[in-house]
Amino acid sequence: MLEGSEALPRSLFFEHCLLPDGWARDVRVTLEGGRIAAVEVGAQPCAEDARHACALPGMPNLHSHAFQRAMAGLAERRGPSNDSFWTWREIMYRFVDRMTPDDVRAIAALAYVEMLEGGFTRVGEFHYLHHDRDGQRFGDIAEMSAAVLAASGEAGIGMTLLPVLYSYAGFGAQPPQPGQRRFVNDLKHYARLLEGAEQHARSLPDAVVGVTPHSLRAVAPEQLRDIAPLLQGRPVHIHIAEQVKEVDDCLAWSGQRPVEWLADRVGMNAAWCLVHATHMTDAETRTVAASGAVAGLCPITEANLGDGLFPVETFLDAGGVYGIGSDSNVLIDCAEELRLLEYGQRLTRRARNVMARGAGESTGTALYAGAVAGGAAALGVAGGIAAGRPADIVSLNLDHPAMLHRQGDAITDSFVFAAGRSAIDCVWRHGDKLVSEGRHHARDRVVRDYAKVLEKLIA
Ligand code: ZN
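Source: prediction; values computed, not measured.

Glancing now at a nonpolar patch on the surface. On the surface, a nonpolar cluster with roughly 290 Å² of combined accessible area is contributed by Leu 340, Tyr 343 and Leu 347. When its relative accessible area of 32% is taken as the criterion, Tyr 343 is described as partly exposed.

Pasting the structure below:
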């Protein structure tokens, strides 16, 4: 059992509970071996039940670069030119030049503690920092992956590790730049890295390992072809069409836009997660929706980096599936990701309740349930509060002023739009209660470790 977690109660009782088919009253959830053994609706509480007001399923965070948490707020000063993603990336490269595996472990542990406190119970760690500071491989090629996995074990968050294949600096197999030396592998070494990561992942109860070509600019077409034997039913994640410059470069290189090129030349299906997919034509948007691939939306980071807005209405009308990710981790908060996803659309469409597609549908519930289902699918697990699924649960404090006298959809609407993470009470992960009254049980120790690393890196 994890340090600071509490003994497993046999059963939890919630007055209000968001189930896969909507809100229910008086729900007993029985836990066994890290999973939900049974869900009873309309139950009577028993003496042995741990009683709570309200439960939501844990939210999957489908896209994170944990180490970037350490530079949050340090790239908010205007540069000499028109500021953009590319100047942010230069600062990120300078920052990562100095990190050891133990630094990465301590920073990631802090990010994962904050994720659990913010309602996220599993993370898709899009992990591309593989080599030593001089760019040499470690003796164990998966040493950095092991550091990230150790951090998830320390915090107790569910881990879908996404070791990244990164080979080139730009479209047309441009040689990598010095700032990218810690990321770069050819496919042969990538296969070894994946195998090493899988071995390390066995030390965790339910870790998943996915395959992750970084982007169309960082891998070559033949690598996307030759990577096929490694897929074996694993989740496949890729950054795509995040920036206008990336779309322009792809057009100059191939005559096609990134999503168009991927659909034509490689293909995609429900195992794929297209991270960002911000800049798509209507035809591309409908192609992604029809393929079943999950759109990995990271509204806080996309706003912070000035990326643009995902074409959500066309995508949802075509039956598209999405989840949310905290990406750069500049701010870690599942309610705020959902709120910003909706507000971006409201501001540009001059309309309200855009993410709810049916008349009378609750926007908060549509956003929350949509992101749980899509996020879990992208991370290779099942989500939601139902028998057989992971015991990953978030409870809300209905005594919070913004939550008083709420029931049913008004709970999700008030959580997302009015209260945010300050209403989060407890978080269970794999059946262990890791957060109480909004605070992770290992927070103090993890923050102390993190502070030492920050002192070394930036003080
Ligand atoms: Zn990313």
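Take the coordination of the zinc ion next. Protein-derived ligands of the zinc ion are His 63 (NE2), His 65 (NE2) and His 239 (NE2), with the metal-ligand distances lying across 2.1 to 2.2 Å. The sequence motif formed by the donor residues of the zinc ion is H-x1-H-x173-H. Of this pair, His 63 sits in strand 5 (residues 59-64) while His 239 is found in strand 10 (residues 236-240), placing the two residues 176 residues apart along the sequence. Neither residue differs from the other here; His 63 and His 239 are each classed as buried.

So, about the domain arrangement of the chain. Here the chain is described as being made up of domain 1 (6-57 + 390-444) and domain 2 (59-378). At the junction of the two partners, domain 1 supplies 25 residues and domain 2 supplies 31 residues. The contact between domain 1 and domain 2 buries some 2,300 Å² in all, and 60% of this surface belongs to carbon and sulfur atoms. Among the residues domain 1 hides against domain 2, the three largest losses belong to Phe 417, Arg 421 and Arg 429. Together they make up 30% of the total. Linking domain 1 to domain 2 there are three salt bridges. Its salt-bridge partner being Arg 421, residue Glu 117 comes within 3.8 Å of it at the nearest N-O pair. At the boundary of domain 1 with domain 2, the tally comes to 13 residue pairs in polar contact (both at pLDDT 80 or more).

Next up on the list: the environment of Val 381. If you trace the backbone, Val 381 turns up in the loop between helix 13 (363-378) and strand 14 (393-396). It is 16 Å that separates the C-alpha atoms of Val 381 and Glu 198, two residues lying 183 residues apart in sequence. Setting aside anything within four residues of it in sequence, one finds Val 381 in contact with Arg 122, Val 208 and Ala 376.

Looking now at the packing of helix 12 (residues 334-349) against helix 13. Where helix 12 contacts helix 13, the axes come no closer than 10 Å and their chain directions differ by 120°. Relative to helix 13, the element helix 12 is oriented oblique. The chirality of how helix 12 crosses helix 13 is right-handed. Within the contact between the two elements, helix 12 uses Cys 334, Leu 338, Leu 341, Glu 342 and Arg 346 and helix 13 uses Thr 363, Leu 367, Tyr 368 and Ala 371. Of the residues contributing to the contact of helix 12 with helix 13, the split by class is six nonpolar, one polar and two charged.

Every α-helical turn comprises 3.6 residues, leaving residues that sit three or four positions apart pointing alike. Residues of helix 14 (residues 409-419) that are buried include every one of Ile 411, Thr 412, Ser 414, Phe 415, Val 416 and Ala 419, and no others. Once helix 14 finishes, Gly 420 follows within two positions and takes phi at roughly 70°, a positive value.

This next bit is on the pairing of strand 5. Within strand 5, six of the six residues are buried, which leaves it mostly tucked inside the rest of the structure. Relative to strand 6 (residues 120-127), strand 5 is paired through four bridges, and the arrangement is parallel. Looking across to strand 6, one finds that Ser 64 is bridged to Glu 125.

Now for the sheet that holds strand 16 (residues 432-436). The mixed open sheet is built from eight strands, whose spatial order is 3-2-1-4-14-15-16-17. Lying at the two open borders of the sheet, with one neighbouring strand each, are strand 3 (35-41) and strand 17 (439-440). With six bridges connecting them, strand 2 (residues 22-32) and strand 3 associate as antiparallel partners. Paired with Arg 28 across the two strands is Glu 40, which belongs to strand 3.

Below, the discussion takes up the nonpolar core. Core analysis: the biggest nonpolar cluster contains 121 residues, and Tyr 112, Leu 274, Tyr 322 and Phe 415 have the highest contact counts within it. If one sorts the elements of this core by residue count, helix 2 (residues 101-117) sits on top with 11 residues. Here this core spans two domains, since at least three of its residues come from each of domain 1 (6-57 + 390-444) and domain 2 (59-378). Leave out the neighbours within four places in its chain, and Tyr 112 touches Ala 66, Val 123, Glu 125, Val 148, Ala 151, Ser 152, Ala 155, Ile 157 and Met 159. With 15 residues, the next largest nonpolar core counts Leu 12, Phe 14, Leu 31 and Ile 36 among its residues.

Reading the values: the criteria
- Residues numbered from 1 in each chain as written.
- Predicted model: local features only at pLDDT ≥ 70, side-chain atom pairs only at ≥ 80, totals over all residues.
- Heavy atoms only, no water.
- Patch = residues over 30% accessible without salt bridge, like charges linked within 9 Å, V, L, I, M, F, W, Y side chains within 5 Å.
- Areas by Shrake-Rupley, 256 points an atom, 1.4 Å probe, with all protein chains shown as cover.
- Salt bridge = Lys/Arg side-chain N within 4 Å of Asp/Glu carboxyl O.
- Buried < 20%, exposed > 50% of the residue type's maximum accessible area, 1.4 Å probe, protein only.
- Donors = N, O, S within 2.8 Å, 3.2 Å for Na, K, Ca; no water.
- Helix = DSSP H or I, 4+ residues; strand = E, 2+ residues; numbered from the N terminus.
- Domains from an automatic or database assignment.
- Contact = heavy atoms within 4.5 Å.
- Buried area = accessible area lost by both parts, 1.4 Å probe.
- Polar contact = N/O pair within 3.5 Å; in protein donor to acceptor, adjacent residues only side chain to side chain.
- Axes fitted to C-alpha atoms, helices over the stretch in contact; angles between N-to-C directions.
- Parallel < 35°, antiparallel > 145°, perpendicular 65-115°, else oblique.
- Left-handed = near helix turned anticlockwise from the far one by under 90°.
- Nonpolar A, V, L, I, M, F, W, Y, C, P; charged D, E, K, R; others polar.
- Pairing = 2+ DSSP bridges.
- Core = buried A, V, L, I, M, F, W, Y, C linked by side-chain atoms within 4.5 Å.

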